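An overview of the molecular structure
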Protein chains: 6
Amino acid sequence: MKLSARNVLKGKVVSVEKGSTTAHVKIEIASGQVVTSAITNDSVDALGLKVGGEAYAVIKSSDVIIAVD
Amino acid sequence: MKLSARNVLKGKVVSVEKGSTTAHVKIEIASGQVVTSAITNDSVDALGLKVGGEAYAVIKSSDVIIAVD
Amino acid sequence: MKLSARNVLKGKVVSVEKGSTTAHVKIEIASGQVVTSAITNDSVDALGLKVGGEAYAVIKSSDVIIAVD
Amino acid sequence: MKLSARNVLKGKVVSVEKGSTTAHVKIEIASGQVVTSAITNDSVDALGLKVGGEAYAVIKSSDVIIAVD
Amino acid sequence: MKLSARNVLKGKVVSVEKGSTTAHVKIEIASGQVVTSAITNDSVDALGLKVGGEAYAVIKSSDVIIAVD
Amino acid sequence: MKLSARNVLKGKVVSVEKGSTTAHVKIEIASGQVVTSAITNDSVDALGLKVGGEAYAVIKSSDVIIAVD
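What you see is a predicted model, and the numbers here were worked out from it, not measured in a lab. (Residues numbered from 1 in each chain as written. Chains lettered and ligands numbered in written order. Predicted model: local features only at pLDDT ≥ 70, side-chain atom pairs only at ≥ 80, totals over all residues. Heavy atoms only, no water.)

Within a sheet, neighbouring strands are paired by backbone hydrogen bonds and run either parallel or antiparallel to one another. Reading across from one edge, E4(B)-E3(B)-E2(B)-E5(B)-E6(A)-E1(F) is the order of the six strands in this open sheet, with antiparallel pairing throughout. The strands lining the two open edges of the sheet, one partner per strand, are strand E4 (33-40) of chain B together with strand E1 (2-3) of chain F. Inspection of the sheet shows strand E2 (residues 7-18) of chain B paired to strand E5 (residues 54-59) of chain B by six bridges, in the antiparallel sense. From the neighbouring strand, Asn7(B) faces E5(B), where its bridge partner is Ile59(B). (Pairing = 2+ DSSP bridges. Helix = DSSP H or I, 4+ residues; strand = E, 2+ residues; numbered from the N terminus.)

Here's what the structure looks like:
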């Protein structure tokens with residue numbers, strides 16, 4: 001499957017924390033650079049997400065704010 | 001300024017492409033991992049974004065989709 | 001590729017309108033129900049989107065507002 | 001009320017699942033095509049959403065990612 | 001029409017700037033507090049947006065980042 | 001820190017309601033105009049958000065839908 005989203009960042013799942021309905025999943029896309037995603041617990045199960053597994057962080061470019069010091 | 005967004009990824013601006021009103025800015029947050037952002041041309045000027053400069057990609061965790069092969 | 005987004009709606013491309021940098025693509029997901037997406041011209045080319053072709057509209061559940069009369 | 005969002009898809013509520021603060025609501029917009037929305041429990045009550053009732057899924061075109069096989 | 005979005009902020013249109021496909025519309029929701037929206041030129045025409053007219057800025061609570069100094 | 005988001009609206013925190021993982025925070029940006037944000041409980045703690053404290057509501061212009069009666 002190809003996606004129109006400009007950001008498809010490959011990495012490794014480093015943590016999966018399930019809440020009552022929402023889970024927070026962290027993907028290490030490079031040493032020291034971790035992306036956090038909030039998805040449903042159902043999606044965690046449907047995708048079979050496990051610590052150590054491979055995953056992509058998919059982000060539309062219009063959802064990326066830029067900040068400078 | 002501290003932000004509630006879970007993802008504040010530090011990197012270096014590697015390209016700035018201005019369109020008629022929207023610009024596409026690429027930030028290298030680790031070797032081989034580049035984040036693309038779509039912001040207004042005005043914001044590029046207001047932030048003084050230049051290739052080689054330091055910048056952060058700010059992304060809410062609810063805007064990150066996860067994909068697996 | 002499996003996605004965490006809850007909405008992956010299959011349909012047929014019925015129009016592709018390119019602007020200076022942004023394109024508006026319409027996907028008919030059922031008779032009389034068309035979803036419009038704004039993506040970059042580059043993504044239109046990268047995905048090879050053409051009228052009559054098959055495509056999916058991918059939408060996070062947190063991006064769907066509900067309205068009632 | 002008229003909205004600037006390009007996607008205002010009319011359908012019928014087919015399920016409402018409340019979590020601790022977030023509810024998942026499914027709207028059937030055509031036979032076999034269901035859109036899932038994550039809204040607050042308060043919004044479910046404020047809109048009086050019930051299975052069988054009419055509702056619209058409102059989605060900005062910039063929130064729609066396109067995928068192809 | 002009632003909306004699930006938590007933020008429906010009433011105000012007055014103070015500027016409409018059309019680009020090639022995207023327009024930037026500013027709504028003054030209180031003295032000195034202006035909200036800027038990026039919508040399509042078509043939506044500006046469809047809603048009949050004019051400086052001095054009344055309009056609402058509609059924002060999902062999950063799209064609001066909080067910052068502190 | 002400067003942000004590319006067009007909307008950085010200064011105000012006062014008027015309520016903080018924590019759920020199991022998500023908190024709803026209200027910021028009064030002008031008399032009678034309150035913006036609600038959904039962020040994680042962790043972010044509430046990390047930012048030290050308290051009723052009466054100063055905070056900014058940060059919103060990308062592409063996340064603002066416009067409505068008219």
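Additional details are given in the paragraphs that follow.
In this complex, chain A contributes 33 residues to the contact, which on the side of chain B involves 33 residues. Summed over both partners, the interface of chain A with chain B comes to about 3,000 Å²; 59% of that surface belongs to carbon and sulfur atoms. Counting the contacts that link chain A with chain B gives zero salt bridges. On the surface where chain A and chain B come into contact, there are 16 residue pairs in polar contact (both at pLDDT 80 or more). Contributions of two or more residues to the side of chain A that touches chain B are made by strand E2 (7-18), strand E3 (22-30), strand E4 (33-40), strand E5 (54-59) and strand E6 (65-68) of chain A. With seven residues, the single largest contributor to the side of chain A that touches chain B is E4(A). (Contact = heavy atoms within 4.5 Å. Buried area = accessible area lost by both parts, 1.4 Å probe. Salt bridge = Lys/Arg side-chain N within 4 Å of Asp/Glu carboxyl O. Polar contact = N/O pair within 3.5 Å; in protein donor to acceptor, adjacent residues only side chain to side chain.)

Take the environment of Val34(C) next. Residues and elements named next belong to chain C. By secondary structure assignment, the location of Val34 is in strand E4 (residues 33-40). The class for Val34 is partly exposed, based on a relative accessible area of 29%. Counting along the chain gives 20 residues from Val34 to Val14, while the straight-line C-alpha distance between them is 8.5 Å. (Buried < 20%, exposed > 50% of the residue type's maximum accessible area, 1.4 Å probe, protein only.)

What follows deals with the pattern of salt bridges. All names here are of chain F. Under the criterion given, the structure shown has 18 salt bridges over all chains. Between Lys18 and Asp45 there is a salt bridge, and its shortest N-O distance comes to 2.6 Å. Within this pair, whereas Lys18 is found in strand E2 (residues 7-18), its partner Asp45 is found in helix H1 (residues 41-47), the two being separated by 27 residues in sequence. Under the relative-accessibility criterion, Lys18 is labelled partly exposed at 46%.

So, about the relation of the copies chain E and chain B. Once chain E has been moved 0.0 Å along the axis and rotated by 120 degrees, it coincides with chain B to within an RMSD of 0.0 Å. Here the two chains are linked by the operation of a three-fold rotation axis. Across chain E, the rotation axis passes nearest the C-alpha of Ser20(E), at a separation of 3.9 Å. (Least-squares fit on C-alpha atoms with pLDDT ≥ 70 in both.)

Below, the discussion takes up the UniProt feature "domain: Mop" (unreviewed entry) in chain A. UniProt's entry tags residues 2-68 of chain A with the feature "domain: Mop" (unreviewed entry), counted in the numbering of this structure. Between the end C-alpha atoms of residues 2-68 of chain A there is a gap of 32 Å, over a span that is 10% helix and 61% strand. (UniProt positions renumbered as here; feature names shortened; annotations may be inferred.)

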